[in-house]
Amino acid sequence: MQKYDAIVVGGGHNGLVNAAYLGKAGLKVALLERRPVVGGATITEEIHPGFKYLTGSYLISLLRPQVIRELELPKHGLEILPLESTVAPLPDGNYFADWPDHDMTRLEIERFSRKDAENYDEFNATMRRIIFGVKPIMDMIPPDPTSLAPHDLAQMARVRGTLDRMERRDFHTLCRLMTMSAADFLDEWFETAPLKAIKSTSGIIGTFLGVRSPGTGYVLLHHYLGELNGVPRAWGFAKGGTGGLSQSIARSARAHGVDIFEGMPVEQILIENGRAVGVATQKGDEFRADRVISAAHAHPTFLKMVDSKHLPEDYLADINRWRTRGPSCKVNLALDGLPDFPAIPKSKRALLRGSIEIAPSVDYLEQAYDDAKYGGWSKRPFMDALMPSLLDPGMAPPGKHVMSLFVQYADADLKGGWTDQKKAEFLDVVVDTLSEHSPDLKEKILHKHIMTPDDLEKIFGLTGGHIFHGELTLPQLFFMRPSPQWANYRTPIQGLWMCGSSCHPGGCITGAPGRNAALEIIAEAKEQVTI
Amino acid sequence: MKVVVVGSDANAWAAALKLRRAGHEVVIVTGSTSGGVSSLLPGTPLSPEVASEFELGVVLKIVGRVGVSSEQKSVQLKLRQISGEVSERDQERWPEFVKVMNNASEIWRGLFQGSAAGDVVGRWREFGRRQAMEVLRVPCQSLSELLDDWFEGDLLKATLAASALRGARQGPFSPGSAFLLLQRWARGEVFGRAKVDQEALRSLAQDIKVSEGEVESYKVSLGRVESLRTSDGLEVAADLFVSSDDPVSTLQGKVGPTRLEMDVAELVSHWDTRSTTAVARLEPSQRWGGAMVNFCDDLESLERAYDPTKYGRDSEKPFAEFDSESGLLYVQHLRAEEAAEKVKALCETHQLGEVAELMLPEDMAEKFGAHGGHLFGGERSLWQSYTLREQLRRPLSNLYLCGSGTGPGDHSGLSGLICAELINQPVPV
């Protein structure tokens, strides 16, 4: 069998990005994907005939612009349609809308509070300065802060330099934002309850914490780090669903000579004399290479594919205590027509083309968390709904629609476990809650489908169903992700690398771990050649 | 210079003594000589820095800590070992846990000892990579993350968590709540209590003039305090004012937000002093040999006790810490709803006798002037700590704060000492 320069295990978006970069640098790369089609949780699946479901991720914003540019994704078919708005229908029959456009949102806030509208200027300016200050850190290779090695010290100096460029006041705000709760932070700025509710949801996406839990401020910041076509914190929808994005990266990778094997689950990473030398597949094939890069979650990588005897005790302990209990479900509905949301006036129907958030108040969101955190689920969950067929008509048959719902919270460690009956029960909870805001929804449902944290684990390999490969909390960020000393995409095993969301800068469709890891691998490969 | 020090807790005494040593004319203005809200924390040991500055000798007494469940099972915690309702595995892991906490405490204390930041980082590196990173993790974690990583015993974990949560409005699942444990650990409060209290400081200050009277307002002109007025109508002028009262009541109430720079006014308006800790006065008990006692069951029940506070309600089933030497019981989280009944039930379960006095946060706000009834002049959370807690040290050019709302956030006297040192620093030319 052919020997490769590199084997990438897992064809999620980060694995694909990594393989494409390595291929572009002239390495001979094989990418092995367990499922019949690449994409990982960045995928579009036709589960009900004619209806394209987004079973994993659904929106794009944090994807690094360098990745789009350097891999020439538009040339390979990527088309991102901007998401125009986010709207929250409110129980009192009113609604609250949020646009990427500052002035439009400001006008909207003015309907509720003049004072908040004025504060919103200052809030946005502050957030923009902070984002501008910390964004470069996303593309940095995390150093080991305990090390006195020149490259670590230089990297630490770079991090410090980035932060030093911030105004002292902004730096203090950043420190507070990193440690406090999203709701408390927003309380300092605004009085309008729906505004605080809709903004605070950015702090809990994918995270098993409530809007009032300290630390959710950071998750909020994380979701502000995105941009789309140069517009900061704008969100978009890939034509054909997020599967359209992963397919474009796959095409770019293939164009750079990457061999992509689908339906090829890796059983084991082969280690000889302390060095990763290839992989063995479940089908019994062996692929040999100079290096192996795992895009998979840290748990399957180190607790299943690598024999633990090769790992230092400390490292194994860090992987074992990795927090990856997910709170998120994904629901897709096939609809026989557009559902009505009475809270959204007829003249504002365009708002249905954006996100519809079921987040009427901060207390509602917090209660949703409290219901779930002891091994249960929210009696009335938080939901982020989207009707992709309004943005891309190809997502559903003519006249029909498809709705994607991101739902929290349901505990991955549900008491009694996730059975088919529990799944169906929670799906009913989701539909019932949404029906409170859209009375005709139920009669329009042709088919419904749920991915619980348990399904996300079984189908996508996300341990605990955690969409970010592990909580984005301080002890799991930057040089701690996934383990101190090994945050630079290397692992204690020579020739074995990591490039998934278990590494800095973490989850969401960013492509950053894949790209950062590739740049490190390429730099090291070049060094080895010159020596 | 003539300096007026407002307050009569350890921080105020430490500041006054240190300032007098530097040759200033010091006057103390205080409403009650009992130490304000710190009189409810008689177990708080003085900081070693204060002890050595004023040659007070050993200030900490090791008494140990006991955890008692509602089924009357118990664990005994000492620095060297744990016993009682604990597994062998937990006993084996205890020394290693103590080492990590001690090292983390050393770094945390180092940050307040006036050492250069570089020296603290250097010391931190000396721990070695593994230990250094463990130390760094501690304050960022939630109590449940920290304790679940180390131990399996519910009562052991709950006892450590409950001790951390005394006086705080957080649950053990809140990220950063382990920092609360670190703060008490670093002060020696987890296993010890005060051997010498603020009385020792006061006795050194017998010749400092004390004016009795509650401060009602500060007269501010052009960013400077000219004088203060007490509720008895007494007006005291000075060159410099130092107050150990909490930042919010001082700045919002007595100075007035319009007299502050906008940045400072904003900081004060965000300062979190919402307390949910009630304090009950009981008879001291010899049952636990003078130890600190936590009445609690497991981490989940501590979190459940915290949940209602987020919606403005009280705990259904509160947990508590009992200072068995002074007889003070700290109950989380109670503000109003049937507080007396809930405390009584707790006392009956653990046979603590009659409640002589029950103070809810609003009573403490009323009695001691502590904003929100907070025991520490503001939540001791990560976002109100270290440099973020020092921002209100000098809100006006000649007004300094020296209480628990600044510095390490306690009544150990260290904040007062830091304040006096700051004032005594030669003015850079």
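Residues numbered from 1 in each chain as written. Chains lettered and ligands numbered in written order. Predicted model: local features only at pLDDT ≥ 70, side-chain atom pairs only at ≥ 80, totals over all residues. Heavy atoms only, no water.

**Looking at the overall build of chain A**
Across its full length, chain A holds 18 helices and 20 strands. By principal-axis analysis of the C-alpha atoms, chain A measures approximately 70 × 55 × 45 Å. Burial statistics for chain A: of 531 residues in total, 65% are counted as buried. Restricting to contacts in chain A with at least 6 residues of sequence separation, those with at least 24 account for 71%. Just so you have it, chain A exposes about 18700 Å², and 52% of that area is on carbon and sulfur atoms. Side chains of chain A carry 58 positive and 65 negative charges; the gap between the two charge centres is 2 Å. (Helix = DSSP H or I, 4+ residues; strand = E, 2+ residues; numbered from the N terminus. Buried < 20%, exposed > 50% of the residue type's maximum accessible area, 1.4 Å probe, protein only. Contact = heavy atoms within 4.5 Å. Areas by Shrake-Rupley, 256 points an atom, 1.4 Å probe, with all protein chains shown as cover. Lys, Arg positive; Asp, Glu negative; His and termini not counted. Charge placed at Lys NZ, Arg CZ, Asp CG, Glu CD.)

**Details of the overall build of chain B**
Along the backbone of chain B there are 16 helices and 18 strands. A globule of 429 residues ought to have a C-alpha radius of gyration of about 22 Å, and chain B, at 21 Å, matches this closely. For the C-alpha atoms alone, the extent of chain B along its principal axes is close to 65 × 50 × 40 Å. Considering chain B as a whole, with its 429 residues, one finds that 62% of them fall into the buried category. Pairs at least 24 residues apart make up 72% of the contacts formed inside chain B by residues separated by at least 6 positions. Counting only carbon and sulfur atoms, one obtains 48% of the accessible surface of chain B, whose full area is about 16300 Å². Of the charged side chains in chain B, 47 are positive and 61 negative, and the gap between their average positions amounts to 3 Å. (Rg over C-alpha atoms; globule rule 2.2 N^0.38 Å.)

**Re the domain arrangement of chain B**
Interface size is often expressed as the accessible area that is lost when the parts come together. All names here are of chain B. Looking at the assigned domains, one finds that chain B contains domain 1 (2–56 + 196–272 + 377–424) and domain 2 (64–190 + 274–366). A C-alpha centroid distance of 27 Å is found between domain 1 and domain 2. Between domain 1 and domain 2, the buried area comes to about 2100 Å², and carbon and sulfur atoms account for 58% of it. In terms of surface lost to domain 2, no three residues of domain 1 exceed Leu40, Arg380 and Tyr386, which account for 31% of the buried area on that side. The interface formed by domain 1 and domain 2 includes three salt bridges. The partner of Asp272 in a salt bridge is Arg169, and the shortest N-O contact between them spans 3.3 Å. Taken together, the links from domain 1 to domain 2 amount to six residue pairs in polar contact (both at pLDDT 80 or more). (Domains from an automatic or database assignment. Buried area = accessible area lost by both parts, 1.4 Å probe. Salt bridge = Lys/Arg side-chain N within 4 Å of Asp/Glu carboxyl O. Polar contact = N/O pair within 3.5 Å; in protein donor to acceptor, adjacent residues only side chain to side chain.)

**A closer look at the pattern of salt bridges**
According to the stated counting rule, one finds 82 salt bridges over all chains in the structure shown. For the salt bridge of B:Asp90 with B:Arg89, the shortest nitrogen-to-oxygen distance reads 3.8 Å. Each of the salt bridges in this network shares a partner with another, and the network as a whole consists of A:Asp314, A:Asp318, A:Arg321, A:Arg323, B:Arg130, B:Glu134, B:Glu145 and B:Asp149.

**Some remarks on the sheet that holds strand β2 (residues 25–30) of chain B**
All names here are of chain B. One open sheet accounts for five strands, arranged β8-β2-β1-β12-β18; its pairing is parallel. Pairing within the sheet leaves two strands with one partner each, and these edge strands are β8 (209–212) and β18 (399–401). With strand direction ignored, the average angle separating the axes of adjacent strands in the sheet is 25°. Across four bridges, the pairing between strand β1 (residues 2–6) and strand β12 (residues 240–243) is parallel. Paired with Val4 across the strands is Phe241, a residue of β12. (Pairing = 2+ DSSP bridges. Axes fitted to C-alpha atoms, helices over the stretch in contact; angles between N-to-C directions.)

**A look at unusual backbone geometry**
All names here are of chain A. Look at the link from Arg481 to Pro482: it is a cis peptide, with omega at -5°. By the element assignment, Pro482 lies in the loop between α17 (453–460) and β20 (496–498). Cis peptide bonds are those with omega within 30 degrees of zero, and the linkage from His504 to Pro505 qualifies with 0°. Positive phi, normally seen in glycine, also occurs at Arg233, with a value near 50°. Within the secondary structure layout, Arg233 lies in the loop between β9 (231–232) and β10 (236–238). One non-glycine residue, Asn273, lies in the positive phi region at around 50°.

**Regarding the pairing of strand β9 (residues 215–221) of chain B**
Residues and elements named next belong to chain B. Relative to strand β10 (residues 224–230), β9 runs antiparallel, the two being bridged by six bridges. Following the sheet pairing, Val220 is matched in β10 by Val225. Here β9 folds back onto β10 in antiparallel fashion, the turn holding two residues, of which Leu222 has a positive phi close to 50°.

**Re the interface of chain B and chain A**
Taken together, the 33 residues of chain B in the interface contact 36 residues of chain A. Between chain B and chain A, the buried area comes to about 3500 Å², and carbon and sulfur atoms account for 54% of it. Between chain B and chain A we count 14 salt bridges in total. With a shortest N-O distance of 3.6 Å, B:Glu266 and A:Arg169 are connected by a salt bridge. On the surface where chain B and chain A come into contact, there are 20 residue pairs in polar contact (both at pLDDT 80 or more). Listing elements by their share of the side of chain B that touches chain A, those giving two or more residues are α4 (117–126), α5 (129–140), α6 (143–150), α11 (262–270), α12 (299–306) and α15 (387–390) of chain B. With eight residues, the single largest contributor to the side of chain B that touches chain A is α5(B). Taken together, the residues of the side of chain B that touches chain A sort by class into twelve nonpolar, six polar and 15 charged. (Nonpolar A, V, L, I, M, F, W, Y, C, P; charged D, E, K, R; others polar.)

**What to know about the packing of aromatic side chains**
In total, this model carries 36 aromatic pairs over all chains according to the counting rule given. Following the ring pairs from residue to residue traces out a cluster consisting of B:Trp94, B:Phe97, B:Trp150, B:Phe151, B:Trp185 and B:Phe191. Against the face of A:Tyr95 rests A:Arg111, its NZ or CZ located 4.4 Å from the ring centre. (Phe/Tyr/Trp six-rings, centres within 6.5 Å; stacked < 30°, edge-to-face > 60°. Lys NZ or Arg CZ within 6 Å of the ring centre and 35° of its normal.)

**Let's talk about the nonpolar core**
Membership of the largest hydrophobic core comes to 188 residues, with the highest contact counts inside it found for B:Trp94 and B:Phe97. The greatest single-element share of this core, amounting to nine residues, is contributed by helix α4 (residues 114–138) of chain A. Apart from residues no more than four positions distant in its own chain, B:Phe97 is found in contact with B:Leu146, B:Leu147, B:Trp150, B:Phe151, B:Leu160, B:Leu181 and B:Trp185. A:Val9, A:Val266, A:Ala289 and A:Ala298 belong to the second largest nonpolar core, which has 66 residues in total. (Core = buried A, V, L, I, M, F, W, Y, C linked by side-chain atoms within 4.5 Å.)

**So, the sheet that holds strand β5 (residues 74–77) of chain B**
Residues and elements named next belong to chain B. Within the open sheet, the eight strands sit side by side as β6-β5-β4-β14-β15-β16-β13-β17. Their pairing is mixed. For this open sheet the edge positions go to β6 (82–84) and β17 (357–359), each flanked by a neighbour on one side alone. Strand-to-strand twist in this sheet, taken as the mean axis angle between neighbours without regard to direction, amounts to 20°. Bridge count for strand β13 (residues 277–281) against strand β16 (residues 328–332) is five bridges, and the pairing is antiparallel. The partner of Arg281 across the bridge, within β16, is Leu328.

**Topic: the environment of B:Glu337**
All names here are of chain B. Looking at the element boundaries, Glu337 is found in the loop between β16 and α13 (339–349). Considering only alpha carbons, one finds Glu337 and Gln391, 54 residues apart in sequence, at a separation of 35 Å. The contacts of Glu337, once residues within four sequence positions are left out, are Gly312, Arg313, Asp314 and Lys342.

**A look at the domain arrangement of chain A**
All names here are of chain A. For chain A, the assigned domains are domain 1 (3–42 + 59–80 + 239–322 + 469–530) and domain 2 (101–205 + 218–226). Relative to domain 2, the C-alpha centre of domain 1 lies at a distance of 29 Å. Contact residues are listed per partner, giving 22 residues for domain 1 and 19 residues for domain 2. Ranking the residues of domain 1 by area buried against domain 2 places Leu62, Arg64 and Phe478 at the top, with a combined share of 29%. Applying the counting rule to domain 1 against domain 2 returns one salt bridge. Between Arg64 and Asp139 there is a salt bridge, with its nearest N and O atoms 2.8 Å apart.

**A word on the side chain of A:Asn14**
Residue and element names in this part refer to chain A. With respect to the element layout, Asn14 can be found in helix α1 (residues 13–24). On the accessibility criterion, Asn14 (4% relative accessible area) is buried. Polar contacts involving the side chain of Asn14 include one to the side chain of Ser501, which spans 3.5 Å.

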